[in-house]
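Now for the letters of each chain:
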Amino acid sequence: MQKLGIETSLLGFGCMRFPTDSQGKIDRERAAAMMEQAMAAGVNYIDTAWPYHGGESELFVGEVLKKHPRDSFYLATKLPMWDVKSLEDVDRIFNRQLEKLQTEYIDFYLLHAMNRGSWGEVLKLGVLERLEQLKKEGKIRYLGFSFHDNYEAFEEILSYRDWDFCQIQLNYMDAEEQAGLKGYALAEEKGVPLVIMEPVKGGSLAAFAPDIAEQFHAHDPQASMASFALRWVGSLPNVKVILSGMSNMEQVEDNLKTFDEFRPLSEAEQTTVKDVVEQMRSRVQNGCTGCRYCMPCPAGVNIPGSFGCWNRYHMYQNYNVVKYQWEKEMGEAQQPQNCIKCGKCEQACPQHLHIREDLEKVQADLDAREYML
């Protein structure tokens, strides 16, 4: 990062999706081997946070990193504003993070998941002033924020001060979501280095139906689908770190292969990405915007959630993309099978969707699970 006078690895190790054991705890042996493999290959940016793995991530990362010289890596963690009600909470959480991570300072400290509401709390409580004091004391090297809201909120936060860096969600399917490419351009204009999260959209851009995969393999038959998503993000010059939440050694090895002598996407590859995005968006089944005017449903159906699953399932032609939301978050109680055909939702829908008819299709398609990759 030229602005900061340091050199971070373009690939950053995200510590949110470590492999877990049968009890749901971090599989320490496998996760440690993954981190060691990545660091041995030159990955020097390690990103964790207070809530990851139920609070276990920071403890585990501290145990692994204590075996390495402190100046051989850059450590990032975050302040959970949802747990901050006073400046005393800032001090309590930050000091506990230093203990868990077994370090005297944090290289990259972020206000976690900023949106318009949490940013208002930051200003009201004077959190920035406290963090700036910690920076003066040498306990924080670089101060930034991670972001989840719309562009207008991003512009407000980014323009408030001269940030050392910031972290946004960006991938080729979400180029117009949240801060998006418009936010990227603003950060570049202001000279704020970017760290990117969700470059593979939580794994959604790592596995495609054969017709899409063939288009990428025409450029490189040996390359993984994930590599094209990572290279798309890395082709943007103000992207300084690309976080990957790796869950197994195969993902580590594939990512290391991608970032060894990193190549930006060629013009032909960029064209393929644009074509793929258009094709995938053309598979959307209905125009639900998630406005929630149809909610609550008298029968308990999660109507926007159902349509979101349905559209993503067909876009990616991969049931695994929606499996967790469909089976766990919604479950049978919120699925369309419970629709009583009352029609209340259709009267409220500003898009004039045929909701009752479409809900039947949702249930049938996701029960059939034709697209299993």
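The preceding data block contains the structure.
Not measured: the values here are computed from a predicted model. (Residues numbered from 1 in each chain as written. Predicted model: local features only at pLDDT ≥ 70, side-chain atom pairs only at ≥ 80, totals over all residues. Heavy atoms only, no water.)

Draft legend 1. Representation of the environment of Leu128. Positionally, Leu128 belongs in helix α5 (residues 127–136). As a C-alpha pair, Leu128 and Leu143 span 15 residues in sequence and 9.3 Å in three-dimensional space. When neighbours within four sequence positions are excluded, Leu128 is seen to be in contact with Leu111, Trp119, Val122, Leu143, Tyr160, Arg161 and Trp163. (Helix = DSSP H or I, 4+ residues; strand = E, 2+ residues; numbered from the N terminus. Contact = heavy atoms within 4.5 Å.)

Draft legend 2. Up close: the pattern of salt bridges. By the definition in use, this model includes 24 salt bridges. Note that Arg28 is salt-bridged to Glu63, the shortest N-O span being 3.4 Å. Taken together, the residues Arg28 in helix α1 (residues 28–40) and Glu63 in helix α2 (residues 56–65) connect sequence positions 35 residues apart. Owing to a relative accessible area of 30%, Glu63 belongs among the partly exposed residues under this scheme. With a closest N to O distance of 2.7 Å, Arg231 and Glu269 form a salt bridge. (Salt bridge = Lys/Arg side-chain N within 4 Å of Asp/Glu carboxyl O. Buried < 20%, exposed > 50% of the residue type's maximum accessible area, 1.4 Å probe, protein only.)

Draft legend 3. Seen up close, unusual backbone geometry. In this model, Met295 is joined to Pro296 through a cis peptide bond whose omega is 0°. As for its position among the elements, Pro296 is in the loop between α11 (267–281) and α12 (303–316). Even without glycine at this site, Gln178 takes up a positive phi of about 50°. Looking at the element boundaries, Gln178 is found in the loop between β6 (166–169) and α7 (180–190).

Draft legend 4. Quick look at the state of the cysteines. Going through the model one piece at a time under the given rule, you end up with zero disulfides. Its sulfur unpaired, Cys288 is 6.3 Å from the next cysteine sulfur, which belongs to Cys294. In this structure Cys339 is not part of a disulfide, and its nearest cysteine sulfur, from Cys345, lies 6.3 Å away. Cys339 sits in the buried class, given a relative accessible area of 19%. (Disulfide = S-S within 2.5 Å.)

Draft legend 5. Seen up close, the environment of Asp260. Locating Asp260 in the fold gives a position in the loop between α10 (249–259) and α11. Assessed through its relative accessible area of 54%, Asp260 is described here as exposed. In this structure the C-alpha to C-alpha distance between Asp260 and Leu11, which are 249 residues apart in sequence, comes to 9.7 Å.

Draft legend 6. Broad picture of the environment of Ala364. Position of Ala364 relative to the elements: it lies in helix α15 (residues 355–368). On the basis of relative accessibility, which here comes to 44%, the residue Ala364 falls in the partly exposed class. Taking the C-alpha atoms as reference, Ala364 lies 15 Å from Gln334; in sequence the two are 30 residues apart.

Draft legend 7. Region of interest: the side chain of Asn44. Looking at the secondary structure, you find Asn44 in the loop between α1 and β2 (45–47). Polar side-chain contacts of Asn44 include one of 2.7 Å to the backbone nitrogen of Ser9. In this view, Asn44 contacts Glu7, Thr8, Ser9, Ser72, Phe73 and Tyr74; residues no more than four positions away in its chain are not counted. (Polar contact = N/O pair within 3.5 Å; in protein donor to acceptor, adjacent residues only side chain to side chain.)

Draft legend 8. Up close: the layout of surface pockets. Here the largest pocket defines a volume of roughly 980 Å³. Lining the largest pocket are 37 residues, with Asp174, Lys201, Gly308, Arg312 and Tyr316 positioned closest to its centre. When residues in the lining of the largest pocket are grouped by element, the largest group, eight residues, is from α12. Split into classes, the residues belonging to the lining of the largest pocket amount to 12 nonpolar, 15 polar and 10 charged. The space that makes up the second largest pocket amounts to roughly 570 Å³. Counting residues per element, the ones that place at least two in the lining of the second largest pocket are β4 (106–114), α9 (225–234), β8 (239–244) and α10. (1 Å grid on protein atoms, 1.4 Å probe; cavity = no way out; pocket = protein on both sides within 12 Å on 5 of 7 lines; lining within 4 Å. Points joined across faces, edges and corners; volume = space filled by probe spheres on them. Nonpolar A, V, L, I, M, F, W, Y, C, P; charged D, E, K, R; others polar.)

Draft legend 9. Geometry of the pairing of strand β7 (residues 194–197). Residues Leu194 and Ile196 line one face of β7 and the alternating positions Val195 and Met197 line the opposite face, and both faces are buried. As judged from the four bridges shared by β6 and β7, these two strands associate in the parallel manner. Counterpart to Cys166 in the pairing with β7 is Leu194. Crossover connection from β6 via α7 to parallel β7: handedness right-handed. One ladder, built from three bridges, connects β7 with β8; its direction is parallel. Bridging from a neighbouring strand, Ile196 pairs with Ile242 of β8. (Pairing = 2+ DSSP bridges. Right-handed = clockwise from strand over helix to strand, strands pointing away.)

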